[in-house]
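# Structural features, examined
Each chain is listed here by its residues.
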Amino acid sequence: MNGSVCRAVTLDFASAVDPDLAAWMERDVAFPNSMVDRITPATENEHRELLRSEYGIVDEWPVIAEPFLQWVIEDSFSAGRPSWELAMPNDVMLTADVEPYELMKLRLLNSSHSALSYAAMLCDHVFVDDALADPDVFAFLRAYMLEVVKTLGSVHGVDLAEYQRSLLERFSNAYIKDKLA
C-alpha cells in the first residue's frame, strides 16, 4: 500500500540523515494509504490540439480523464485531516482500510483492461471502446469479470455487480479513446 511504502522509505531516509527527525516522524507523522480509480489514457497530439483550438489553452501534457472518479483515503491523520469529502462529496471516501477498494480496482479494472487488450488485439482492435462494441469481446470481458469478482470479499459501500456494469460502461466511453496497448 502506497502510504505504508512511503512511510518506510521516508523513515529509512530520515534515520540516515537525522535519527531525531526520524523518531519524531515515526511518532507524529501519518502516511495514509490511498487509492484512485479513474481512467486516464495516454496524452495524444489530438488532445493538445483540442485544448488549443476549442479553449485557447496551450498545454504540452494535458491529462484526459473520464468523468468517473473514486478516491479512497485511509482515515489516519496525525493532526486532523483535510475535509476532502466536502470538496468532492461524491468522489472521496475515507475509510479505516483501503485494501479492499484497491483489490477491487486492481482485479476488476486493471486486470480486465489487460485481459481485454489481449483478446481485442487478436481481433485487430486498437481502442478499448471499439473493442467493447464487438459482441464477442464484450461477452469475453463480462465472463472474465464474473470469474474475477469471485476472488474478492465484500467491499463496504460498493455493489460489486454495479461496479462491473459501470466498468463496462466506462470502458465503452468513446470520448476517452483509451488505447489497448
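Placed above this text is the structure.
Conventions adopted
Residues numbered from 1 in each chain as written. Predicted model: local features only at pLDDT ≥ 70, side-chain atom pairs only at ≥ 80, totals over all residues. Heavy atoms only, no water. Helix = DSSP H or I, 4+ residues; strand = E, 2+ residues; numbered from the N terminus. Rg over C-alpha atoms; globule rule 2.2 N^0.38 Å. Buried < 20%, exposed > 50% of the residue type's maximum accessible area, 1.4 Å probe, protein only. Contact = heavy atoms within 4.5 Å. Areas by Shrake-Rupley, 256 points an atom, 1.4 Å probe, with all protein chains shown as cover. Lys, Arg positive; Asp, Glu negative; His and termini not counted. Charge placed at Lys NZ, Arg CZ, Asp CG, Glu CD. 1 Å grid on protein atoms, 1.4 Å probe; cavity = no way out; pocket = protein on both sides within 12 Å on 5 of 7 lines; lining within 4 Å. Points joined across faces, edges and corners; volume = space filled by probe spheres on them. Pairing = 2+ DSSP bridges. Salt bridge = Lys/Arg side-chain N within 4 Å of Asp/Glu carboxyl O. Polar contact = N/O pair within 3.5 Å; in protein donor to acceptor, adjacent residues only side chain to side chain.

Turning next to the overall build of the protein. Summing up its helical and strand segments, the protein has eight helices and three strands in all. Listing every helix and strand of the protein by position from the N terminus yields α-α-β-α-β-α-β-α-α-α-α. Relative to the compact-globule value of 16 Å for 181 residues, the protein shows a C-alpha radius of gyration of 20 Å, a clear excess of over 25%. In terms of overall dimensions, the protein has C-alpha extents of about 60 × 45 × 35 Å along its principal axes. Expressed as a percentage of its 181 residues, the buried residues of the protein come to 35%. Long-range pairs, those at least 24 residues apart, make up 66% of the contacts in the protein between residues at least 6 apart in sequence. A total accessible area of about 10,700 Å² is found for the protein, and carbon and sulfur atoms account for 57% of it. Charged side chains of the protein number 14 positive and 30 negative; the gap between the two group centres comes to 2 Å.

Now for the layout of surface pockets. In this structure, the largest pocket spans a volume of roughly 150 Å³. In terms of lining, the largest pocket is formed by Phe68, Gln70, Met93, Gly157, Val158, Asp159, Glu162, Tyr163 and Ser166. Here the element with the most residues in the lining of the largest pocket is helix α8 (residues 160–171); it accounts for three residues.

Quick look at the pairing of strand β2 (residues 70–74) now. Burial within β2 is extensive, with four of its five residues counted as buried. Both strand β1 (residues 34–37) and β2 contribute to a ladder of four bridges, which runs antiparallel. Within β2, the position partnered with Asp37 by the bridge is Gln70. Sheet topology note: the β2/strand β3 (residues 92–95) ladder contains four bridges and is parallel. Within β3, the position partnered with Ile73 by the bridge is Leu94.

This part takes up the environment of Thr10. Among the secondary structure elements, Thr10 is positioned in helix α1 (residues 2–17). With twelve residues separating them in the primary sequence, Thr10 and Ala22 have C-alpha atoms 8.4 Å apart. Residues within four places of Thr10 in sequence aside, it is in contact with Met25 and Phe31.

Turning next to the environment of Ala174. Positionally, Ala174 belongs in the segment after α8. Accessibility expressed as a relative area gives 45% for Ala174, which makes it partly exposed. Counting along the chain gives 35 residues from Ala174 to Ala139, while the straight-line C-alpha distance between them is 18 Å.

Mapping Asp134 onto the fold places it in the loop between α6 (128–132) and α7 (135–148). At 14 Å, Lys177 is the nearest oppositely charged side chain to Asp134, a buried residue that forms no salt bridge. Within the structure, the side chain of Asp134 is placed 2.9 Å from the backbone nitrogen of Asp136, a separation counted as a polar contact. Excluding anything up to four places from it in sequence, Asp134 contacts Cys123 and His125.

What follows deals with unusual backbone geometry. Even without glycine at this site, Asp124 takes up a positive phi of about 65°. Inspection of the secondary structure puts Asp124 in the loop between α5 (99–122) and α6. For Asp124, a relative accessible area of 70% gives the class exposed. At Lys177, a position not held by glycine, the phi torsion is positive, near 50°. As for its placement among the helices and strands, Lys177 is situated in the segment after α8. The exposure class of Lys177 is partly exposed, given its relative accessible area of 30%.

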